[in-house]
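# Report on the structure
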Amino acid sequence: DAGVIQSPRHEVTEMGQEVTLRCKPISGHDYLFWYRQTMMRGLELLIYFNNNVPIDDSGMPEDRFSAKMPNASFSTLKIQPSEPRDSAVYFCASSLVHSTDTQYFGPGTRLTVL
Amino acid sequence: TQLLEQSPQFLSIQEGENLTVYCNSSSVFSSLQWYRQEPGEGPVLLVTVVTGGEVKKLKRLTFQFGDARKDSSLHITAAQPGDTGLYLCAGARGGNNRKLIWGLGTSLAVNP
């Protein structure tokens, strides 16, 4: 298996622009997680899905952030409009159903908002 | 509020030295995971500990879960440059809640 795939790997955009991050989880995994990582705050869970249904979006910082999972093999995280404080590395991870199962992370998208 | 405190935040040692990093909380977790993250990559799971007092060994790495399931430690024997990275601990509440509570990590540099 290719693992969790994220695109793009790097994104540089200007304040006010829309940004869309993409994720393909590992085939057969039931859960998908979106995280944001910064030096100051570490890894923060933004939202997670179970079988394509959003379960907990309490970590989504503002209405500017939205996430969708239209099918089991694809998810997007959208920021509209983007702001400089959104600059971070965004990770997608997937896992199987059991509570102690590993979360498999993608390589991340490094977002810079100028 | 950071529910999982990791210490030290940074550690720089020479190849061959031993080290211990800590992950502490006032909360009880059903399980605790340790991940290592290398620059430009996502975290990768090293181990999951589930039972209070449990000790797991992975080659030169020894992981321990506290008796009360509130804390954990990672001990590395004879560190090597390949051990360099960010070590993250993450606690699980169990049940239907799939959120992991993450520490900020210990950044380890092993110098040759």
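Quick note: structure is the one above.
Let me sum up the structure you'll find in this document. These numbers come from a predicted model, not from an experiment. (Residues numbered from 1 in each chain as written. Chains lettered and ligands numbered in written order. Predicted model: local features only at pLDDT ≥ 70, side-chain atom pairs only at ≥ 80, totals over all residues. Heavy atoms only, no water.)

### Details of the overall build of chain B
The number of helices and strands found in chain B is zero helices and eleven strands. For 112 residues, the compact-globule estimate of 2.2 N^0.38 gives 13 Å, and chain B sits close to it at 13 Å. Summarising its shape, the C-alpha atoms of chain B cover approximately 45 × 30 × 20 Å along the three principal directions. When burial is assessed residue by residue, chain B has 44% of its 112 residues classed as buried. In chain B, 54% of the contacts between residues at least 6 apart in sequence involve partners at least 24 apart. Of the roughly 5,200 Å² of accessible surface on chain B, a fraction of 49% belongs to carbon and sulfur atoms. Averaged over its 10 positive side-chain charges, chain B has a centre that lies 10 Å from the centre of its 9 negative ones. (Helix = DSSP H or I, 4+ residues; strand = E, 2+ residues; numbered from the N terminus. Rg over C-alpha atoms; globule rule 2.2 N^0.38 Å. Buried < 20%, exposed > 50% of the residue type's maximum accessible area, 1.4 Å probe, protein only. Contact = heavy atoms within 4.5 Å. Areas by Shrake-Rupley, 256 points an atom, 1.4 Å probe, with all protein chains shown as cover. Lys, Arg positive; Asp, Glu negative; His and termini not counted. Charge placed at Lys NZ, Arg CZ, Asp CG, Glu CD.)

### What about the interface of chain A and chain B?
With 26 residues of chain A in contact, the opposing surface of chain B contributes 21 residues. When chain A packs against chain B, the two sides together hide about 1,700 Å² of surface, and 53% of this comes from carbon and sulfur. Linking chain A with chain B are one salt bridge. Notably, a salt bridge pairs aspartate 56 of chain A with lysine 99 of chain B, separated by 3.5 Å at the nearest N-O pair. Counting every contact that joins chain A to chain B gives eight residue pairs in polar contact (both at pLDDT 80 or more). For the side of chain A that touches chain B, the class distribution of residues is twelve nonpolar, ten polar and four charged. (Buried area = accessible area lost by both parts, 1.4 Å probe. Salt bridge = Lys/Arg side-chain N within 4 Å of Asp/Glu carboxyl O. Polar contact = N/O pair within 3.5 Å; in protein donor to acceptor, adjacent residues only side chain to side chain. Nonpolar A, V, L, I, M, F, W, Y, C, P; charged D, E, K, R; others polar.)

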